[in-house]
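# Architecture at a glance
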Amino acid sequence: MALVIRPARPADAALIHSLVRELAAYEKLTHEVMASEGALAEALFSAHPSVFCDIAEWSGEPAGFAVWFKNFSTFSGRHGIYLEDLFVRPAHRRKGIGRALLVHLARRCMAEGWTRLQWSVLDWNKPAIEFYGSLGADLLPDWRLCRIGDSRLARLARQAS
Ligand SMILES: CC(C)(COP(=O)(O)OP(=O)(O)OC[C@H]1O[C@@H](n2cnc3c(N)ncnc32)[C@H](O)[C@@H]1OP(=O)(O)O)[C@@H](O)C(=O)NCCC(=O)NCCS
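The structure contained in this document is the topic of the report that follows. (Residues numbered from 1 in each chain as written. Predicted model: local features only at pLDDT ≥ 70, side-chain atom pairs only at ≥ 80, totals over all residues. Heavy atoms only, no water.)

### Examining the pattern of salt bridges
Counted by the stated rule, this structure contains four salt bridges. Note that Arg6 and Asp12 form a salt bridge whose closest N and O atoms lie 2.8 Å from each other. For the pair Arg6 and Asp12, a shared accessibility class is recorded, and that class is buried. Between Arg6 and Glu57 there is a salt bridge, with its nearest N and O atoms 3.1 Å apart. Here Arg6, found in strand E1 (residues 3-7), pairs with Glu57, found in strand E2 (residues 51-58); they are 51 residues apart in sequence, far enough to count as distant. Shared partners join several salt bridges into a network, and the residues in it are Arg6, Asp12 and Glu57. (Salt bridge = Lys/Arg side-chain N within 4 Å of Asp/Glu carboxyl O. Buried < 20%, exposed > 50% of the residue type's maximum accessible area, 1.4 Å probe, protein only. Helix = DSSP H or I, 4+ residues; strand = E, 2+ residues; numbered from the N terminus.)

Now the structure itself:
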């Protein structure tokens, strides 16, 4: 079997930083990448990490990755996985690697008793939407993503409570 999915290790820090930048370039969001290799390594490889990364290798060559963390649903009372990044390098697409990464995460959920696997996708990213559809994912029509970042986050934090 040419494909191996394995947990990332500290020696992968430069690779992970590069894959994050490759995904950002694809999403036209390179200008938003502030994370250094060191910051990613610190988050992923601390003694008690709360964010995790799986690397997909094709014949020993790094082909893609998934970065994820645990979330929680008060409705189900159970944890789940939030998939932050999923990326397969162009030369390795349509070989089943993206599917294998999601199957790997789905198996992790089943093994841990976690009940949900979710993520966000940009609305123009039709290939990814088709890919997710092929795996049985729903695109939730009633939900919008909300975010407060940077200066507006600081402004909110300064408000009297
Ligand atoms: C989306 C992505 C992760 C898919 O990875 P992949 O390894 O190429 O996907 P797979 O080979 O596992 O595809 C599984 C199935 O998904 C569907 N699919 C995958 N890519 C597709 C595409 N471009 N268009 C339509 N359907 C697609 C097909 O049904 C495919 O099965 P098939 O090849 O037997 O027809 C990869 O294209 C990628 O990294 N894209 C750029 C980054 C990105 O969009 N990431 C997601 C951000 S939310």
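Having seen it, we continue.
### Some remarks on the side chain of Asp12
By secondary structure assignment, the location of Asp12 is in the loop between E1 and helix H1 (13-26). Excluding its chain neighbours within four sequence positions, the residues that come into contact with Asp12 are Arg6, Pro7 and Ile55. (Contact = heavy atoms within 4.5 Å.)

### Things to note about the nonpolar core
Formed by 18 residues in total, the largest nonpolar core has its most connected members in Leu86, Ile97 and Leu105. For this core, the elements supplying multiple residues, two or more each, are strand E3 (61-73), strand E4 (78-88), helix H3 (97-112) and helix H4 (126-134). Residue contributions to this core peak at six residues, all from H3. Counting residues in each nonpolar core, the second largest holds 16 residues, with Ala8, Leu40, Phe65 and Phe87 among its members. (Core = buried A, V, L, I, M, F, W, Y, C linked by side-chain atoms within 4.5 Å.)

### A few points about the site of the ligand
Contacts to the ligand come from 22 residues, most closely from Val88, Gly96, Gly98, Arg99 and Asn125. For the ligand, a nitrogen atom lies 2.8 Å from a polar atom in the backbone of Leu86. Between an oxygen atom of the ligand and a main-chain N or O atom of Ile97, the distance comes to 3.5 Å. Across the complex, the protein chains shield 79% of the 910 Å² of accessible surface that the ligand would expose by itself. (Near = heavy atom within 4 Å. Polar contact = N/O pair within 3.5 Å; in protein donor to acceptor, adjacent residues only side chain to side chain. Areas by Shrake-Rupley, 256 points an atom, 1.4 Å probe, with all protein chains shown as cover.)

### Looking at the packing of aromatic side chains
According to the stated counting rule, one finds six aromatic pairs in the structure shown. Aromatic side chains Tyr26 and Trp124 sit 6.0 Å apart centroid to centroid with 45 degrees between the ring planes, which places their arrangement in the tilted category. Of the two residues, Tyr26 sits in helix H1 while Trp124 sits in the loop between strand E5 (117-118) and H4, which places them 98 residues apart along the sequence. With relative accessibility at 36%, the residue Trp124 sits in the partly exposed group. One aromatic cluster is present, built from ring pairs that chain together Phe52, Trp68 and Trp114. Stacked on the ring of Trp124, the Lys or Arg Lys28 has its end atom at 4.3 Å from the ring centre. The ring of Tyr26 carries Arg93 above its face, with NZ or CZ at 5.6 Å from the centroid. (Phe/Tyr/Trp six-rings, centres within 6.5 Å; stacked < 30°, edge-to-face > 60°. Lys NZ or Arg CZ within 6 Å of the ring centre and 35° of its normal.)

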